[in-house]
Amino acid sequence: QKEVEQDPGPLSVPEGAIVSLNCTYSNSAFQYFMWYRQYSRKGPELLMYTYSSGNKEDGRFTAQVDKSSKYISLFIRDSQPSDSATYLCAMSLTYAGNNRKLIWGLGTSLAVNP
Amino acid sequence: DAGVIQSPRHEVTEMGQEVTLRCKPISGHDYLFWYRQTMMRGLELLIYFNNNVPIDDSGMPEDRFSAKMPNASFSTLKIQPSEPRDSAVYFCASSPQLASEQFFGPGTRLTVL
């Protein structure tokens, strides 16, 4: 079993839809959770990060962490064609020091159709 | 700042040849990471450096792969000899000390024939 599981999709939605992207993980010691967005033929870029459990909102994006279920989600409201990309979850044990190595999901490919 | 710079952007080579990928991290970042991305395996960490010192190379697939960071502004990833299964996109990323965000370069798309 991989440490981080993420459905690769592809996921196709109409413009304006609410999108839900998810990852599950097996290591209960993970504390830092990140979502990266990767456009085609580009490197990933950090979209959101959260510490421990709870929600974090940034514009149309909301990140949720449920540590009891070992489950994290990224919600995109009012999705736009410009949101079409691959979304990767990543997590780490600590924020700094030599345990800061990120463990990555495979990424979910999202297409938002006009 | 120009961001993380990688070269070349594309590399096509024949099996058995030596391949050298180059990376210039963002100035002031103390951590440098080398990743490999494929459809089947996703993003895999190969090795990372802290202040030019290799910290964890457990992701390097085999002895054919080696990485160096001779100074704070330059790193190389070398594959010798290359094999078709090494075909992938190789990313370099850097991050500031005590920060979690990693800044990725545009990647090098390697094809080994």
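Reading the values: rules and limits
- Residues numbered from 1 in each chain as written.
- Chains lettered and ligands numbered in written order.
- Predicted model: local features only at pLDDT ≥ 70, side-chain atom pairs only at ≥ 80, totals over all residues.
- Heavy atoms only, no water.
- Helix = DSSP H or I, 4+ residues; strand = E, 2+ residues; numbered from the N terminus.
- Rg over C-alpha atoms; globule rule 2.2 N^0.38 Å.
- Buried < 20%, exposed > 50% of the residue type's maximum accessible area, 1.4 Å probe, protein only.
- Contact = heavy atoms within 4.5 Å.
- Areas by Shrake-Rupley, 256 points an atom, 1.4 Å probe, with all protein chains shown as cover.
- Lys, Arg positive; Asp, Glu negative; His and termini not counted.
- Charge placed at Lys NZ, Arg CZ, Asp CG, Glu CD.
- Disulfide = S-S within 2.5 Å.

(A) Representation of the overall build of chain A. Secondary structure summary: chain A contains zero helices and 11 strands in total. Relative to the globule expectation of 13 Å for 114 residues, the C-alpha radius of gyration of chain A, 14 Å, shows essentially globular dimensions. For chain A, the spread of C-alpha atoms along the principal axes amounts to about 45 × 30 × 25 Å. Every one of the 114 residues in chain A was classed for burial, and the buried ones make up 41%. Taking the intrachain contacts of chain A between residues at least 6 apart in sequence as the baseline, contacts between residues at least 24 apart amount to 54%. Within the structure as shown, chain A displays about 5400 Å² of accessible surface, and the carbon and sulfur contribution to it stands at 47%. Each charge sign in chain A was given a centre, from 11 positive and 10 negative side chains, and these centres are 8 Å apart.

(B) The arrangement of the state of the cysteines in detail. Residues and elements named next belong to chain A. Counted by the stated rule, this structure contains two disulfides over all chains. With a sulfur-sulfur separation of 2.0 Å, cysteine 23 is cross-linked through a disulfide to cysteine 89. Where cysteine 23 bonds to cysteine 89 through sulfur, the torsion about that S-S bond is close to -105°, and the disulfide is left-handed. With a gap of 66 residues between them, cysteine 23 in strand S3 (residues 19-25) and cysteine 89 in strand S9 (residues 85-92) connect regions that are remote in the sequence. Taking the relative accessible area as the measure of exposure, cysteine 23 reaches 1% and is therefore buried. Judged by relative accessible area, cysteine 89 falls into the buried class, the value being 0%.

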